[in-house]
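# Reading the structure
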Amino acid sequence: MNSSLTLPQHCKSNLEYIADLRSPEGTTVSLNEITAPLDSEVSRRLAQALAGMDPWRRYGFSSEALLRFMAPAEASNPRYVICVRDEIAGLAALKHAWMFGSYLNILAVLPQHQKCGIGSRFLDWFEKSARLRGERNQFVVTSAFNTGAVAFYRRHGFEPIANLDGLINDAETEILLRKRLTPTG
Ligand SMILES: CC(C)(COP(=O)(O)OP(=O)(O)OC[C@H]1O[C@@H](n2cnc3c(N)ncnc32)[C@H](O)[C@@H]1OP(=O)(O)O)[C@@H](O)C(=O)NCCC(=O)NCCS
């Protein structure tokens, strides 16, 4: 099976272009909100890819459970696909109006697109758009075992503020991280 996830032409009308996350080398990377159900084969393959990646793999999340993050939702709960040209490279989901800020519910860059700067540019956009909404805080939760993601968020100004033992299963701890957007933050 081809491991790349190319968007069929008819699927593009189900996405609304939101922002350019272009790389410094000029590669076209776009952030697109999911405004109508995606092609079922595309969603299924994206969900399968996520289910095969940590942290979801370690928690045993099924691809069926992950499919819900690919469905359009109310305006306070937007979901996005990140595309490199016509190929899906990642998925993001936000919750607005979450403790005087926004909560990054999911950020996943597919393995073949990691370490190219896509996650960083998504966080830059997330901060810029939050400031435009006048938000004071940004939050994300990541698994303590996911040390790469904890380092990634810390490098982008998020500070661990609480350990949440047993949040997802009894054996693991999640870390709640916060970024302050006030001028002193
Ligand atoms: C965590 C995650 C979102 C980061 O996304 P990403 O697109 O790989 O992030 P970036 O490329 O911007 O940065 C990742 C690292 O690559 C490095 N990097 C960035 N551009 C690079 C380049 N062109 N060449 C080499 N390295 C590069 C960065 O220095 C960064 O280092 P850091 O992790 O120590 O901060 C991604 O790894 C992922 O989806 N992981 C699996 C799911 C997950 O853990 N999600 C988060 C918790 S739910």
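Above this note sits the structure.
This report concerns the structure included in the present document. For clarity, every value in this text was computed on a predicted model and none was experimentally measured. (Residues numbered from 1 in each chain as written. Predicted model: local features only at pLDDT ≥ 70, side-chain atom pairs only at ≥ 80, totals over all residues.)

### Overview of the overall build of the protein chain
To keep it simple, the criterion reads: Strands are runs of DSSP state E lasting at least two residues, helices are runs of H or I lasting at least four, and both sets are numbered from the N terminus onward. Any residue whose C-beta has 12 or fewer other C-beta atoms within 10 Å is treated as exposed, any with 20 or more as buried, and any in between as partly exposed, C-beta atoms being built from the backbone. Placing a C-beta atom from the backbone of each residue, one calls two residues in contact when those atoms lie within 7 Å.
The helix and strand inventory of the protein chain stands at five helices and eight strands. Each helix and strand of the protein chain, ordered N terminal to C terminal, gives the series β-β-α-α-α-β-β-β-α-β-α-β-β. Considering only C-alpha atoms, the protein chain reaches an extent of 45 × 40 × 35 Å along its principal axes. By residue count, 27% of the 185 residues in the protein chain fall in the buried class. Intrachain contacts of the protein chain at a sequence separation of at least 6 include 54% that bridge at least 24 residues.

### A few points about the site of the ligand
As a reminder, the rule being used: Only the C-beta atom matters for nearness: placed from the backbone, it must lie within 6 Å of the molecule or strand for the residue to count as near. Each residue is assigned to one of three groups, with Ala, Val, Leu, Ile, Met, Phe, Trp, Tyr, Cys and Pro labelled nonpolar, Asp, Glu, Lys and Arg labelled charged, and all others, Gly among them, labelled polar.
Around the ligand, 19 residues are found, and the nearest of them are Val 109, Gln 114, Lys 115, Gly 119 and Ser 120. Secondary-structure elements contributing two or more residues to the shell around the ligand are strand S5 (101–109), helix H4 (118–132) and helix H5 (147–155). Counting residues per element, the shell around the ligand draws most heavily on H5, at five residues. Considered class by class, the residues forming the shell around the ligand number ten nonpolar, seven polar and two charged.

### Brief notes about the environment of Ala 19
Considering the arrangement of structural elements, one finds Ala 19 in strand S1 (residues 15–20). A sequence separation of 70 residues divides Ala 19 from Ala 89, and the C-alpha atoms of the two residues are 15 Å apart. Excluding anything up to four places from it in sequence, Ala 19 contacts Leu 31 and Trp 125.

### Re the sheet that holds strand S8 (residues 173–180)
Just so we agree on the cut-off: Here, strands pair whenever DSSP counts at least two bridges between them. Fitting a line to C-alpha atoms yields each axis, with helices limited to the stretch in contact; the angle taken between N-to-C directions then spans 0 to 180 degrees.
Taken together, eight strands build an open sheet; the order of strands is S1-S2-S3-S4-S5-S6-S8-S7 and the sheet is mixed. Looking at the sheet topology across the chains shown, the edges are occupied by S1 and strand S7 (159–165). Strand-to-strand twist across the sheet, computed as the mean angle between neighbouring axes with direction ignored, equals 30 degrees. Contacts from H5 reach strand S6 (137–143) and S8, with the element oriented near 165 degrees to S6.

### Observations regarding H4
Residues that lie three or four places apart on an α-helix share one face, since the helix turns once every 3.6 residues. Selection criterion: Under the convention used throughout, the expected extent of a helix is 1.5 Å for every residue step, that is, one less than its residue count. Taken from the helix axis, the directions to the C-beta atoms give the arc we talk about.
If you check H4, its first and last C-alpha atoms are 21 Å apart, about what 15 residues at 1.5 Å a residue would give, namely 21 Å. Among the residues of H4, those classed as buried are Ile 118, Gly 119, Phe 122, Leu 123 and Phe 126. For H4, the buried positions fall inside an angular range of 135 degrees around the axis, keeping them on one side. Structural note: H4 exposes Lys 128, Arg 131 and Leu 132 on the side pointing more than 90 degrees away from its buried face. If you follow the buried residues of H4, they end up packed against strand S2 (29–34), strand S3 (79–84), strand S4 (87–95), S5, S6 and H5. Where H4 ends, the next residue or the one after it, Gly 134, has phi of about 75 degrees, a positive value.

### A closer look at helix H1 (residues 40–51)
Here H1 contains twelve residues, and its C-alpha end-to-end distance of 16 Å stays within 8% of the 16 Å for a straight helix at 1.5 Å per residue. Buried residues along H1 sit against helix H2 (56–59), helix H3 (63–67), S4 and S5.

### Here's the deal with the pairing of S4
In the sheet, S3 pairs with S4 via six bridges, with the strands oriented antiparallel. Bridge pairing in S4 links Tyr 80 to Ala 92. Between S3 and the antiparallel strand that follows it, S4, lie two residues; Arg 85 among them carries a positive phi value of about 50 degrees. The loop that links S4 with its antiparallel partner S5 comprises five residues; one of these, Ala 97, has a positive phi angle of about 55 degrees.

### Concerning the nonpolar core
Threshold: Defined on buried residues, the nonpolar core groups Ala, Val, Leu, Ile, Met, Phe, Trp, Tyr and Cys residues joined through C-beta atoms within 7 Å.
Formed by 39 residues in total, the largest nonpolar core has its most connected members in Leu 46, Leu 50, Val 81, Ile 82, Ala 89, Leu 91 and Phe 122. Secondary-structure elements contributing two or more residues to this core are S2, H1, S3, S4, S5, H4 and S8. What Ala 89 contacts, discounting residues up to four positions off in sequence, is Ile 82, Cys 83, Val 84, Val 109, Leu 110, His 113 and Ile 118.

### Some remarks on unusual backbone geometry
It is generally the case that most residues other than glycine have a negative phi and that most peptide bonds are trans. The amide bond that connects Asp 54 to the next residue, Pro 55, takes the cis arrangement and shows omega of 5 degrees. Look at Met 99: it is not a glycine, yet its phi comes out positive at around 50 degrees. With respect to the helices and strands, Met 99 occurs in the loop between S4 and S5. Overall, Met 99 belongs to the exposed group, with 12 C-beta atoms counted inside 10 Å.

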